[in-house]
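Chain and residue survey
Here's the letter readout for the chains.
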Amino acid sequence: MENRCRFWLPKKKRFCANFRFNDSVFCGNHNTRSDAEWVPCPIDPSHTVLSENLEGHMKRCPLLKQAQSLSRQPFFQKGINGGKDDEDGGDEKGAMVPTLASLENTTSVMKRNAVYSMSGTEFSKLINKIQSVHSSICNDIRDSHKVPEACDIWIKREVDRKLPFQEKHVVQQVSILGNLEEIGILKNTSGDVVMEQCDSNGSSGDDNGVPAVVEFGAGRGYLTQMLADCYGIKKVFLVERKSYKLKADRTLRQKESLILERLRIDSKVEDLNLKAVESLQGVPYLAIGKHLCGPATDLSLRCCLATQSSQDDSVQGSGHYLRGLAIATCCHHLCQWKHYINKKYFINLGITKEEFHAITWFTSWAVDADHGSDLSDVAGCTLHLQSIEKKECVEDVGGVAEIVQNMEATERAVLGFMCKEIIDMGRLMWVKEQGLESQLVKYVPPTISPENHLLIARHATRL
């Protein structure tokens, strides 16, 4: 017992049974942490390492083999979609590999501390700037809740009963596909889409106008499952950083005419080079994504459209190209300046990198309140919020932290929705600059999901 840990476990009413760590009286779990600097592991940031031990840890990290395996894939190219961290709003098409200094993300805690360090006057000016920007550019976001006839088999639950069915997710997926049908990317022939009545060469995908689909942040792949069931898509690429159980792959692979390929990339699409995917060569494709969290939206847009832009000046030949896209954005509080697709948009609005990060932090307030009412319609709430901010900022007794605490949840939500719309409008404008016909719509009611923005676009000349 002399070599056992001396940490007392009150609930078990005994000492820890593990062996002591080196010369300590405690085991490794209960030994007091060193005061030295702990840093995130570069291979897997979910755990930390003593900076002095980092070099040795890099050689034996349990996830090293997995990371090396992923990096050897032909479509892996470090930082190709990462963007630049400079603030000049320059050309994003030739994205640089991020430097070591730019690899550190601005965390939510850092964003919050930066906001709380503002004076009341600075906070008030930022709120007024947000309201001014929102009122001037966020006027064309319409409701577009679609229920296409092609998706009746899912709406009526006439699909494989083994497939998971959650109504709120089905409603979102149906509306995404309905919006794609409305802008002409997907086609429901004579109101009767029959998946199995295609030629042996799989021509029904061409008849539908979409030979292939690339789903970013695919997760278990049930958006693609619905797309294949309802529109007869024949070639599918699922992009995901994690490995999931209960994937739709099993039922998708049972479709004889469907070709399925998973692209495992462990970096939120940052390192995915679509041009290097051999089976996608010479194939026009549709890009989709349901709830692409934070910077994953920007990385996916750059992955598709920066690649596309590099091909516009040359003959298409064996190259692939984007036919259209539908991306449901979410988790704007995770957005990073270095990844954001349209820095020039914010710079032209007079919004700095620091203010951008404050705006992203405010977006988390959009989900603070009860969404039984449509709080995402912020047009009628602007003046009320402005008067509240002016009154509270004049008092300025406990600083910005107290001002924030005194705000009602609905008031915070209104500001959060404003910031979400400003961020997504910048993405919309960037996609338009790439030559696509684009819209930003609210594809489901906020009672289904407060994260209800859908960015849809198409190449009009390539349909």
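What counts as what
- Residues numbered from 1 in each chain as written.
- Predicted model: local features only at pLDDT ≥ 70, side-chain atom pairs only at ≥ 80, totals over all residues.
- Heavy atoms only, no water.
- Helix = DSSP H or I, 4+ residues; strand = E, 2+ residues; numbered from the N terminus.
- Buried < 20%, exposed > 50% of the residue type's maximum accessible area, 1.4 Å probe, protein only.
- Contact = heavy atoms within 4.5 Å.
- Areas by Shrake-Rupley, 256 points an atom, 1.4 Å probe, with all protein chains shown as cover.
- Core = buried A, V, L, I, M, F, W, Y, C linked by side-chain atoms within 4.5 Å.
- Disulfide = S-S within 2.5 Å.
- Axes fitted to C-alpha atoms, helices over the stretch in contact; angles between N-to-C directions.
- Parallel < 35°, antiparallel > 145°, perpendicular 65-115°, else oblique.
- Nonpolar A, V, L, I, M, F, W, Y, C, P; charged D, E, K, R; others polar.
- 1 Å grid on protein atoms, 1.4 Å probe; cavity = no way out; pocket = protein on both sides within 12 Å on 5 of 7 lines; lining within 4 Å.
- Points joined across faces, edges and corners; volume = space filled by probe spheres on them.
- Pairing = 2+ DSSP bridges.
- Phe/Tyr/Trp six-rings, centres within 6.5 Å; stacked < 30°, edge-to-face > 60°.

Within the protein one finds 15 helices and twelve strands. Of all 463 residues assigned to the protein, the portion counted as buried reaches 51%. The contacts of the protein with a sequence gap of at least 6 include a subset with a gap of at least 24, amounting to 71%. As presented, the protein carries roughly 22,500 Å² of accessible surface, and 50% of it is formed by carbon and sulfur atoms.

Here we come to the nonpolar core. The biggest cluster of nonpolar side chains holds 67 residues, and the ones touching the most others in it are Phe216, Leu272, Leu325, Phe346 and Phe362. Top element by residues in this core is helix H15 (residues 409-433). It accounts for ten residues. Excluding residues that lie within four positions of it along the chain, Phe362 makes contacts with Val115, Phe123, Leu126, Ile127, Ile130, Leu415, Gly416 and Cys419. Of all hydrophobic cores here, the second largest spans 39 residues; its members include Leu227, Ala228, Leu238 and Leu286.

According to the stated counting rule, one finds zero disulfides in the structure shown. The structure places no disulfide on Cys230, whose sulfur is separated from the nearest cysteine sulfur, that of Cys151, by 4.0 Å. Here Cys419 stays free of any disulfide, with the sulfur of Cys138 as its closest cysteine sulfur at 9.8 Å.

A few words now on helix H8 (residues 222-231). Given 3.6 residues per helical turn, the α-helix brings residues three or four places apart onto the same face. Among the ten residues of H8, ten are classified as buried, and the element is accordingly described as predominantly covered. Within H8 the residues assigned to the buried category are Tyr222, Leu223, Thr224, Gln225, Met226, Leu227, Ala228, Asp229, Cys230 and Tyr231. Its buried side turned inward, H8 meets helix H5 (152-155), helix H6 (167-182), strand S6 (212-216), strand S7 (235-240), helix H9 (249-253) and strand S9 (285-293). Residue Gly232 follows H8 closely and has a positive phi angle near 65 degrees.

Following both chains from N to C, one finds helix H4 (residues 120-137) and helix H12 (residues 353-362) inclined at 75 degrees, their axes separated by 12 Å at the closest point. Here H4 lies roughly perpendicular to H12, going by the angle between them. Across the interface between the two elements, Phe123, Leu126, Ile127, Lys129 and Ile130 of H4 pack against Glu355, Ala358, Ile359 and Phe362 of H12. Here the residues of the contact of H4 with H12 sort into seven nonpolar, no polar and two charged.

In this structure, the second largest pocket encloses a volume near 1,000 Å³. In terms of lining, the second largest pocket is formed by 35 residues, of which the most central are Gly217, Ala218, Gly219, Arg220 and Tyr244. If you list the elements that add at least two residues to the lining of the second largest pocket, you get H6, H8, S7, H9 and S9. The leading source of residues in the lining of the second largest pocket is S9, at four residues.

This part takes up the pairing of strand S10 (residues 322-330). With nine of its nine residues buried, S10 lies for the most part within the structure. The pairing of S9 with S10 spans eight bridges and is parallel. Within S10, the position partnered with Leu286 by the bridge is Gly324.

A word on the packing of aromatic side chains. In the structure shown here, the tally under the stated rule is twelve aromatic pairs. Their ring planes at 80 degrees and their centres at 5.1 Å tell us that Phe346 and Phe356 sit as a pair that is edge-to-face. You can see Phe346 sitting in helix H11 (residues 343-348) and its partner Phe356 sitting in helix H12, a full ten residues away along the chain. Each of the two residues, Phe346 as well as Phe356, counts as buried. Joined through ring pairs, the aromatic side chains of Tyr116, Phe123, Trp361, Phe362 and Trp365 make up one cluster.

An order of S5-S11-S12-S10-S9-S6-S7-S8 is seen for the eight strands of this open sheet, with the pairing classed as mixed. A strand with exactly one partner marks an edge of an open sheet, and here the two such strands are strand S5 (142-143) and strand S8 (259-264). Along the sheet, H8 makes contact with S6, S7 and S9, crossing S9 at roughly 145 degrees. On the sheet, H15 packs against S10, strand S11 (437-442) and strand S12 (453-458) and is oriented at approximately 160 degrees with respect to S11.

As a further point, take the side chain of His357. In this structure, His357 sits in helix H12. Once you skip the residues sitting within four places of it in the chain, His357 turns out to touch Thr106, Lys111, Cys335, Gln336 and Trp337.

Throughout the structure, instances matching the rule amount to two cavities of 30 Å³ or more. What lines the second largest cavity is simply Phe216, Ala287, Ser300, Leu301, Cys304, Leu305, Leu325 and Ile327. Of all the secondary-structure elements, those providing two or more residues to the lining of the second largest cavity are helix H10 (295-311) and S10. Looking at the lining of the second largest cavity element by element, the count peaks at four residues for H10. Per-class residue counts for the lining of the second largest cavity are seven nonpolar, one polar and no charged.

This part takes up the pairing of S12. Of all six residues making up S12, five are buried, and the element is well covered by its neighbours. As paired strands, S11 and S12 are joined by six bridges and run antiparallel to one another. Along S12, the bridge assignment pairs Leu440 with Leu455.

Within the secondary structure, Tyr244 is located in the loop between S7 and H9. Here the alpha-carbon distance between Tyr244 and Gly219, two residues 25 residues apart in the chain, equals 6.9 Å. Beyond its immediate chain neighbours, meaning those up to four positions away, Tyr244 contacts Gly219 and Arg220.

Interpretation note: all reported values are geometric properties and have no functional meaning in isolation.
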